[in-house]
Each structure stands twice: as C-alpha cells, then as structure tokens.
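Below, each chain spelled out in residue letters.
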Amino acid sequence: MAGKKAAATLPRKVYERELLRLQTELVKLQEWVRSTGARLVVVFEGRDAAGKGSTIKRVTEHLSPRVARIAALPTPTERERTQWYFQRYIEHLPAAGEIVLFDRSWYNRAGVEHVMGFCTKEEHQRFLRQCPIFERMLVEDGILLRKYWFSVSDAVQQERFHRRLADPVRRWKLSRMDLESITRWEAYSRAKDQMLVHTDISEAPWYVVESDDKRRARLNMIAHLLGSVPYHEVQPPVLELPPRPPATGYERPPRDLQTYVPDHAANL
C-alpha cells in the first residue's frame, strides 16, 4: 500500500542471534514431525519480491531434505490444464513425517491467473468456492495447514526490482511477469482482498507477514509457525563413535591415477 510506514530495519546481530535460535527450534519441530508421523503444509504467498523465497531458504537451511521439501510448481502442462485444478497440487502433499513448503500454491488461480487472464471468470469463481472445501478436507484428514501472506509496499517492491535488475546473481529472479505486477498493482490488491474474503476460514486462516523489512519478516513468520504447532523436543538416540579399527595394510593408489579438481583457491 502506498504510504505505508516503513518498519525500522532490525540490527544484523540481533537478527542473526534470534534466527539461529529459531532455526534450532525448527530442527526440534522437524524431529517431532518425523517421530509422530505428523503432516505439515506451509503455504507462502504474496506479491513478487515480497520475501517468500528468502524466508523459505532460512526455514529449510538446517532441515533434512528427506523430511522438509519445497514445492515450487512450474507452469502447468497441457495435460495438467485439463485436470481438476487442485489435482496437480495434491500429489505434492506430505505423507506421514513430512513437511512441505509451497513456494506459491493453488492460490495462483486467485492471483496471477485471475489478474493476467490465464483463467476464465468462471474458473476463478469456481476456485473461490472450492478452495475452502478443499482446505477443510486437508485439515479434517489431519494435515497441519499454515498459510502466510507476505505483504510488501509498492515502494519497497520497486526498490527490490531495481536491485535485482542490477545484480547478476539475482537477475534471473526478475521476469516480464514481475514487471507486469508494477502496472497492475491495484488489480492484484483487489484480487488479494477477494481471495481473503473467501478463503480466510477458521480451519485454515491466513496470517499476514509485514515484509518491508525482510529480517523482521523471516523472524516473525518462523516464530509464529513454531508457536502454532504443538511440537515438543524429541530426545535423539544416544550415539557413540566406534573406535577406528587397526590398519590391515591398505595402501591408497598413486594420486596421478586420478583426475583432481584444480586448486583454484590457491590463486586467490
């Protein structure tokens, strides 16, 4: 929203200390999910450059990819376009002991597809009717569903787009579709408001994350997620390193029989 008061930037030392503490708790959450067979789905939505991807990166940084995985689906194929809309998302839902983080989700239909005309008005209205039913079914089946909307102001979004445009390692994050979001700001705002009216249900409410300050957004989102799940610390099995057995005469082959990566670091 234009004119929204910018949040004060959180000092890096404070941020990094609290992030490490929260990430340690995320590992405990992971072990609870694995040991109890829980199924956790976390939906990340919001405007382009709102900070979803960087938050997902911090959430998963110290987690096992065998337990916590990211679902970031590409454009649907011709075959997928003929399926029930939710069908291709269902196969990415977690089994027992798994966490799935949706980097954008079935809510594409409420946002970009609706605003850009990639779906019909009838398909959009059908989505708004079916989505609460779909999510109630997930929750009724025992899935822990958390939905986060990352809210960024137009000024901060513009600033982040400019930085991406000038940064060769982040330039790939900026697409023509992202640039379209600048000229369609109000259309996306109306679409988001309509989406919340229909899908902010008691069984699976939306949680808004103010994300003009990415550090605050990451900490706030992770802290809220941890506080919303009734996990507890699971004691790990006691492990002891075995003694290394005595040598039996093995000799390593000559190094010149193998091809080594050049020591690039030696030239720095």
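Criteria and cut-off values
- Residues numbered from 1 in each chain as written.
- Predicted model: local features only at pLDDT ≥ 70, side-chain atom pairs only at ≥ 80, totals over all residues.
- Heavy atoms only, no water.
- Axes fitted to C-alpha atoms, helices over the stretch in contact; angles between N-to-C directions.
- Helix = DSSP H or I, 4+ residues; strand = E, 2+ residues; numbered from the N terminus.
- Parallel < 35°, antiparallel > 145°, perpendicular 65-115°, else oblique.
- Left-handed = near helix turned anticlockwise from the far one by under 90°.
- Contact = heavy atoms within 4.5 Å.
- 1 Å grid on protein atoms, 1.4 Å probe; cavity = no way out; pocket = protein on both sides within 12 Å on 5 of 7 lines; lining within 4 Å.
- Points joined across faces, edges and corners; volume = space filled by probe spheres on them.
- Nonpolar A, V, L, I, M, F, W, Y, C, P; charged D, E, K, R; others polar.

1. Thoughts on the packing of helix 2 (residues 52-60) against helix 10 (residues 214-228)
Then, in step 1: Put simply, helix 2 and helix 10 touch, their axes get as near as 10 Å, and they point 50° apart. One way to sum up the angle between helix 2 and helix 10 is to call them oblique. For the element pair helix 2 and helix 10, the recorded crossing hand is right-handed. In contact with S54, T55, R58 and V59 of helix 2, helix 10 contributes K214, R218, M221 and I222.

2. Some thoughts on empty space enclosed by the protein
Then, in step 1: In this structure the tally under the stated criterion is one cavity of 30 Å³ or more.
Then, in step 2: Counted as a void, the largest cavity has a volume near 40 Å³.
Then, in step 3: What lines the largest cavity is simply L26, L29, L40, V42, V59, L63, I99, L101 and L225.
Then, in step 4: Elements with a contribution of two residues or more to the lining of the largest cavity: helix 1 (12-36), strand 1 (39-46) and strand 3 (98-103).
Then, in step 5: Class assignment for the residues of the lining of the largest cavity results in nine nonpolar, no polar and no charged.

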